[in-house]
Amino acid sequence: GRIARLAQASLNDAERITEIFLATLSRSPTPAEMKLSQDYLQQAGSTTKGLEGLLWALLNSNEFLFNQ
């Protein structure tokens, strides 16, 4: 799916994070969200695991639940 394609694509973390935000919340991340997301991806065991965790966090956010 989308996460596997993002993990394999030749994109940097900021581009991957922006893609996930656009796909889930239909907006770009704020600077604070970008920093937090980048920190999370760096501490994750792998790029795929980090992107999966970020996606699940956004899908479970109040913003997603009430806007979608």
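Further up the page is the structure itself.
No experiment lies behind these values; they were computed from the predicted model shown.

A. How the structure looks around the nonpolar core. Judged by nonpolar contacts, Ile-3, Leu-6, Ile-17, Ile-20, Phe-21, Leu-25, Met-34, Leu-41, Leu-51, Leu-54 and Leu-58 together constitute the single largest core of eleven residues. For this core, the secondary structure elements donating two or more residues are α1 (2-8), α2 (13-25), α3 (31-43) and α4 (47-59). Residue contributions to this core peak at four residues, all from α2. Sequence-distant contacts of Leu-54, defined by excluding residues within four places in its chain, comprise Ile-17, Ile-20, Phe-21, Ser-37 and Tyr-40.

B. Just the layout of surface pockets, in detail. Volume-wise, the largest pocket comes out at about 160 Å³. Taken together, Phe-21, Glu-33, Leu-36, Ser-37, Tyr-40, Gly-53, Leu-54, Ala-57, Leu-58 and Ser-61 form the lining of the largest pocket. For the lining of the largest pocket, the elements supplying multiple residues, two or more each, are α3 and α4.

C. Structural context of α3. For α3, built from 13 residues, the straight-helix expectation of 18 Å at 1.5 Å per residue is met to within 8% by its first-to-last C-alpha distance of 19 Å. Packed against the buried residues of α3 are α2 and α4.

D. Expanded view of α4. In this model α4 runs 18 Å from its N-terminal to its C-terminal C-alpha over 13 residues, within 8% of the 18 Å that 1.5 Å per residue would give. The complete set of buried residues in α4 reads Gly-50, Leu-51, Leu-54 and Leu-58. For α4, the arc enclosing every buried residue in end-on projection is 95 degrees, short of the 170-degree limit, so these residues lie on one face. For α4, the exposed residues lying more than 90 degrees away from the buried face are Lys-49 and Trp-56.

E. Spatial organisation of the packing of α2 against α4. Look at α2 against α4: their axes get within 10 Å of each other, and the N-to-C directions meet at 30 degrees. One way to sum up the angle between α2 and α4 is to call them roughly parallel. For the crossing formed where α2 meets α4, the hand is right-handed. On the side of α2, the interface is formed by Arg-16, Ile-17, Ile-20, Phe-21, Thr-24 and Leu-25, while α4 contributes Thr-47, Leu-51, Leu-54, Leu-55, Leu-58 and Leu-59.

F. Here's a closer look at the side chain of Arg-16. Inspection of the secondary structure assignment puts Arg-16 in helix α2. Within the structure, Arg-16 has its side chain in polar contact with the backbone oxygen of Leu-6 (distance 2.8 Å). Reaching out from Arg-16, the side chain makes a polar contact with the backbone oxygen of Leu-11 at a distance of 3.2 Å.

Cut-offs used in this document
- Residues numbered from 1 in each chain as written.
- Predicted model: local features only at pLDDT ≥ 70, side-chain atom pairs only at ≥ 80, totals over all residues.
- Heavy atoms only, no water.
- Core = buried A, V, L, I, M, F, W, Y, C linked by side-chain atoms within 4.5 Å.
- Buried < 20%, exposed > 50% of the residue type's maximum accessible area, 1.4 Å probe, protein only.
- Helix = DSSP H or I, 4+ residues; strand = E, 2+ residues; numbered from the N terminus.
- Contact = heavy atoms within 4.5 Å.
- 1 Å grid on protein atoms, 1.4 Å probe; cavity = no way out; pocket = protein on both sides within 12 Å on 5 of 7 lines; lining within 4 Å.
- Points joined across faces, edges and corners; volume = space filled by probe spheres on them.
- Expected span 1.5 Å × (residues − 1).
- Arc of directions from axis to C-beta.
- Axes fitted to C-alpha atoms, helices over the stretch in contact; angles between N-to-C directions.
- Parallel < 35°, antiparallel > 145°, perpendicular 65-115°, else oblique.
- Left-handed = near helix turned anticlockwise from the far one by under 90°.
- Polar contact = N/O pair within 3.5 Å; in protein donor to acceptor, adjacent residues only side chain to side chain.

Just distances and angles here, no functional claims.
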